[in-house]
Amino acid sequence: MSVEKDQFRAAMARMGAAVSIITSDGPAGRHGMTVSAVCSVTDQPATLLACINRSSRGYGTLKSNGIVCVNILAPQHEGLCRLFATPGAPTVERFADETEWDTLKTGAPVLRDAAVALDCTVDAINDVGTHGVLFARVQAIRMNERADGLIYFARAFHHLSPPAALRAPAAD
Ligand SMILES: Cc1cc2nc3c(=O)[nH]c(=O)nc-3n(C[C@H](O)[C@H](O)[C@H](O)COP(=O)(O)OP(=O)(O)OC[C@H]3O[C@@H](n4cnc5c(N)ncnc54)[C@H](O)[C@@H]3O)c2cc1C
């Protein structure tokens, strides 16, 4: 028993998700791609998973380098998000503005104003169908408490703000 691919895709399009750019650097080169199939696995040890299409350049690069940074995006990153999702867009084009990027612990590119950056080492990759499920151990975290959220839902981008009571106070 199974369902049609298109029906499954339509169902998953109704599952709103945060959007991230997952990056890597190392012997296999620098890379970054847009992903929304990311979730927490466990907090002991802090681990997340990301599902990466095996036909993408990212799959081989992330796997070979063994380090990744999951940069959770904010509303101002919608353009960057589209660029990192454009099939075949050259890596130099995606990272054209060097000032947007720095590093934390592993050396993977960290988006300076990401809502959250989770700097990780890759523990394992399990291939399932067309995708690799990458398990990443979090080595460092940087948060921008004042960032709003960027969500992909029903094949469109949406902006989310925290309730007023939970908003971080403005910096002086
Ligand atoms: C909101 C959103 C969420 C996403 N979430 C995920 C996710 O969770 N996991 C995931 O794996 N992907 C996801 N994607 C898709 C992913 O961002 C893109 O496939 C991206 O292009 C991958 O970049 P890459 O450089 O690693 O691979 P690319 O080299 O860009 O290859 C990606 C695919 O495009 C094909 N391709 C390459 N060059 C061309 C070309 N010139 N013309 C046509 N096709 C070409 C490749 O064969 C491959 O199938 C998401 C995209 C969006 C917009």
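Sequence positions are assigned chain by chain, starting from 1 and proceeding in written order. Given that this is a predicted model, residues contribute local features only at a pLDDT of at least 70 and side-chain atom pairs are listed and counted only at 80 or more, while totals for whole chains, interfaces and linings are drawn from all residues. Side-chain calculation: all heavy atoms of the structure are included, whereas hydrogens and water are not.

Before going further, it helps to spend a moment on the site of the ligand. Residues are counted as near a molecule or strand when any one of their heavy atoms sits within 4 Å of it. Lining the immediate surroundings of the ligand are 21 residues, of which Thr-34, Asn-53, Ser-55, Arg-57 and Gly-58 lie closest. Take Ser-36: an N or O atom from its main chain is 3.0 Å from a nitrogen atom of the ligand. Whenever a nitrogen or oxygen atom comes within 3.5 Å of another N or O atom, the pair is scored as a polar contact, on the condition that within protein one atom can donate a hydrogen and the other can accept it, and that pairs from neighbouring residues in sequence are kept only if both atoms are in side chains. Taking Gly-58, its main chain carries an N or O atom lying 2.7 Å from an oxygen atom of the ligand. Using the Shrake-Rupley algorithm and a 1.4 Å probe, accessible areas are obtained, with residue cover drawn only from the displayed protein chains. Taken by itself the ligand offers 950 Å² of open surface, and the protein chains cover 65% of this. Every definition here rests on a 1 Å grid over the protein atoms only: cavities are sets of points where a 1.4 Å probe fits but cannot get out, pockets are open sets enclosed by protein on both sides within 12 Å along at least five of seven lines, and lining residues have some atom within 4 Å of a point. The rule for placing a molecule in a cavity or pocket is simple: more than half of its atoms must lie within 2 Å of the grid points. When each cavity is represented as a set of grid points, the ligand is found to reside in the largest pocket.

Comment: elements are numbered from the N terminus, with helices defined as DSSP H or I runs of at least four residues and strands as E runs of at least two. Inspection of the secondary structure puts Asn-65 in helix α2 (residues 57–65). The class for Asn-65 is buried, based on a relative accessible area of 12%. Here Ser-24 takes part through its side chain, which lies 3.1 Å from a polar atom of the side chain of Asn-65. Among the polar contacts listed, one links the side chain of Asn-65 to the backbone nitrogen of Ala-28, at a separation of 2.8 Å. Any two residues whose heavy atoms approach within 4.5 Å are treated as being in contact. Contacts of Asn-65, omitting those with residues within four sequence positions, involve Ser-24, Asp-25, Gly-26, Pro-27, Ala-28 and Gly-29. Exposure classes here rest on a 1.4 Å probe applied to the protein chains alone. A residue is buried below 20% of its type maximum, exposed above 50%, and partly exposed in between.

Every buried residue of α2 is listed here: Gly-58, Tyr-59, Thr-61, Leu-62 and Asn-65. Each element contacted by the buried residues of α2 is listed here: β2 (20–24), β3 (31–35), β5 (46–53), β6 (67–72), β9 (116–128) and β10 (131–143).

Turning next to the UniProt feature "domain: Flavin reductase like" (unreviewed entry) in the protein chain. UniProt positions are given in the numbering used here, feature names are shortened, and annotations may be inferred rather than shown by experiment. In the numbering used here, UniProt assigns the "domain: Flavin reductase like" (unreviewed entry) feature to residues 12–159. Strand forms 48% of residues 12–159 and helix 14%; the C-alpha atoms that close the span are 19 Å apart.

By definition, no residue in a patch forms a salt bridge, and every one has over 30% relative accessible area; like charges are joined within 9 Å, nonpolar side chains (Val, Leu, Ile, Met, Phe, Trp, Tyr) within 5 Å. Any Lys or Arg side-chain nitrogen found within 4 Å of a carboxyl oxygen on Asp or Glu counts as a salt bridge. Taken together, the side chains of Val-3, Phe-8, Met-12 and Met-15 make up a nonpolar region of the molecular surface, amounting to roughly 410 Å² of accessible area. For Met-15, the location among the structural elements is in the loop between α1 (5–12) and β1 (17–18). On the accessibility criterion, Met-15 (55% relative accessible area) is exposed.

Where charged atoms of side chains with opposite charge meet at close range, the side chains can pair. Taken as a whole, this structure holds 7 salt bridges when the rule is applied. Here Arg-30 makes a salt bridge to Glu-98, at a shortest N to O gap of 3.4 Å. Here Glu-98 lies in the loop between α4 (91–94) and β7 (101–102) and Arg-30 lies in the loop between β2 and β3, a separation of 68 residues in the sequence. You can call Arg-30 partly exposed: its relative accessible area is 27%. Relative accessible area serves as the criterion here: at 48%, Glu-98 is assigned to the partly exposed category. A salt bridge links Asp-102 to Arg-112; the nearest nitrogen and oxygen atoms lie 3.3 Å apart. A residue pair is termed long-range when its members are at least 10 positions apart, and Asp-102 in strand β7 and Arg-112 in the loop between β8 (110–111) and β9 qualify at 10 residues. Bridged by salt links that share partners, the residues Asp-25, Arg-30 and Glu-98 form one connected network.

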